[in-house]
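Chain residues, written in single-letter form:
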Amino acid sequence: MTDAPFSSEHVATLRTVQPEDHSAVRALVEKCFKRDLEADLVDDLRNCGMLVVEKVAVDPSGEIVAHVAYSRVTGAGPGHRLNITCLAPVCVKPGIQGRGIGAYLIRESIDDLQGMGEDLVLVLGDPNYYPRFGFDAEVAKKVSGPFAGPVFMALPLTAQGRDGLPIEVSYATPFQKLG
């Protein structure tokens, strides 16, 4: 997708992460999660070439105020040919959360994934937040891997993503640090 303006109280432009953004993205992720584990994850996924989509929201002053990353997930078994990604992490600068910037960033990046031919997106997150984007814990029950439970959700983007389940998945090596 092309750069898109976000219209709300806080105006931001969405764009793909550039190399010069890496340190600002890291600082934002650390600030949002109050630790460096998620920032290390983003750096490690980027460095091993496993990021499929990485976008930021930038305010009019040029500050990066939100970030989302999707990494490659590998399927095994009957669904091994599915193009699968994992949304992790997503964050919005404290103080401007709740204004819809994160939701807009997620929606636009999911549109990007659909346009790229991705079949299925997985997320581990708030079961009260992610269903608004179509993520479903019932669908995720058909995905076998290191994560399970009501916070593990799946979003099929294609007929293959719906019909190619059940499937067993493996996450990129950097996820092993999450334990």
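See above for the structure.
Definitions and limits used
Residues numbered from 1 in each chain as written. Predicted model: local features only at pLDDT ≥ 70, side-chain atom pairs only at ≥ 80, totals over all residues. Heavy atoms only, no water. Helix = DSSP H or I, 4+ residues; strand = E, 2+ residues; numbered from the N terminus. Rg over C-alpha atoms; globule rule 2.2 N^0.38 Å. Buried < 20%, exposed > 50% of the residue type's maximum accessible area, 1.4 Å probe, protein only. Contact = heavy atoms within 4.5 Å. Areas by Shrake-Rupley, 256 points an atom, 1.4 Å probe, with all protein chains shown as cover. Lys, Arg positive; Asp, Glu negative; His and termini not counted. Charge placed at Lys NZ, Arg CZ, Asp CG, Glu CD. Expected span 1.5 Å × (residues − 1). Arc of directions from axis to C-beta. Axes fitted to C-alpha atoms, helices over the stretch in contact; angles between N-to-C directions. Nonpolar A, V, L, I, M, F, W, Y, C, P; charged D, E, K, R; others polar. Core = buried A, V, L, I, M, F, W, Y, C linked by side-chain atoms within 4.5 Å. Disulfide = S-S within 2.5 Å. Polar contact = N/O pair within 3.5 Å; in protein donor to acceptor, adjacent residues only side chain to side chain. Pairing = 2+ DSSP bridges.

K.L.:
Explain the overall build of the protein chain to me, using residue names and the numbers behind them.
P.N.:
Helix and strand content of the protein chain: 5 helices and 9 strands. Ordering the α and β elements of the protein chain from the N terminus gives β-β-α-α-β-β-β-α-β-α-β-β-α-β. The C-alpha atoms of the protein chain give 16 Å as radius of gyration, which agrees with the globular expectation for 179 residues (16 Å, within 12%). In the protein chain, which comprises 179 residues, the share counted as buried stands at 49%. By sequence separation, contacts in the protein chain at least 24 residues apart represent 66% of the contacts at least 6 residues apart. Element-wise, carbon and sulfur atoms account for 50% of the exposed surface of the protein chain, whose accessible area totals about 8,700 Å². Distance between charge centroids for the protein chain: 3 Å, based on 17 positive and 23 negative side chains.

K.L.:
Which residues make up helix α1 (residues 22–33), and what values go with them?
P.N.:
With 12 residues, α1 extends 16 Å from end C-alpha to end C-alpha; this agrees with the ideal 16 Å at 1.5 Å per step. Those residues of α1 not exposed but buried are Val25, Leu28, Val29 and Cys32. Here the buried residues of α1 occupy an arc of 95 degrees about the axis, which is enough to place them on one side. In this structure, α1 carries Ser23 and Lys31 as exposed residues pointing more than 90 degrees from its buried face. Tucked into the core, α1 has its buried residues touching α2 (37–47), β3 (51–58), β4 (64–76) and β5 (84–92). One or two residues past the end of α1 sits Lys34, with phi positive at roughly 60 degrees.

K.L.:
Can you explain the packing of α1 against α2? Please cite residues and give values.
P.N.:
The axes of two packed helices give the description: the angle between them and the distance between them. Running from N to C, α1 and α2 cross one another at 145 degrees; their axes reach a closest spacing of 8 Å. Seen from α1, the contacting residues are His22, Val25, Arg26, Val29, Glu30 and Phe33; seen from α2, they are Glu38, Ala39, Asp40, Asp43 and Arg46. When grouped by side-chain class, the residues that make up the contact of α1 with α2 number 4 nonpolar, 1 polar and 6 charged.

K.L.:
Describe the nonpolar core, naming the residues involved and giving the relevant values.
P.N.:
In a soluble, globular protein the nonpolar side chains are often hidden away together inside. Residues Tyr70, Leu87, Ile106, Ile110, Val121, Tyr130 and Phe135 are the most contacted members of the largest nonpolar core, which totals 27 residues. Broken down by secondary-structure element, the contributors of at least two residues to this core are β2 (12–16), β3, β4, β5, α3 (101–115), β6 (120–124) and β8 (152–156). Sorting elements by how many residues they give to this core places α3 first, with 7 residues. With 22 residues, the next largest nonpolar core counts Val139, Val143, Ile167 and Val169 among its residues.

K.L.:
Give me the lowdown on the state of the cysteines, citing residues and values where you can.
P.N.:
What is meant by a disulfide is a covalent connection between two cysteines, made through their sulfur atoms. All told, the structure shown has 0 disulfides when counted by the stated rule. No disulfide involves Cys32; its sulfur sits 3.9 Å from the nearest other cysteine sulfur, which is in Cys91. A disulfide-free cysteine, Cys86 has its sulfur positioned 13 Å from the sulfur of Cys48, the nearest such atom.

K.L.:
Requested: an account of the side chain of Asp43, with residues and values cited.
P.N.:
Tracing the backbone shows Asp43 in helix α2. At a separation of 2.5 Å, a polar atom in the side chain of Asp43 contacts the side chain of Arg26.

K.L.:
A description of the pairing of β6 should follow, citing residues and the corresponding values.
P.N.:
Moving residue by residue along a regular strand, the side chains alternate between the two faces of the sheet. A large share of β6 lies buried, amounting to 4 of its 5 residues. Across 4 bridges, β5 lies against β6 in parallel orientation. Looking at the pairing, Cys86 lines up with Leu122 of β6. Of the pairings in the sheet, the one linking β6 to β8 comprises 5 bridges and is antiparallel in character. Of the residues in β8, the one forming a bridge with Leu120 is Pro156.

K.L.:
Which residues make up unusual backbone geometry, and what values do they have?
P.N.:
Here Ala88 and Pro89 are connected by a cis peptide whose omega angle stands at -10 degrees. One can find Pro89 in strand β5. Note that the residue after Leu165, namely Pro166, is joined by a cis bond; omega there is 10 degrees. One can find Pro166 in the loop between α5 (159–163) and β9 (167–171).

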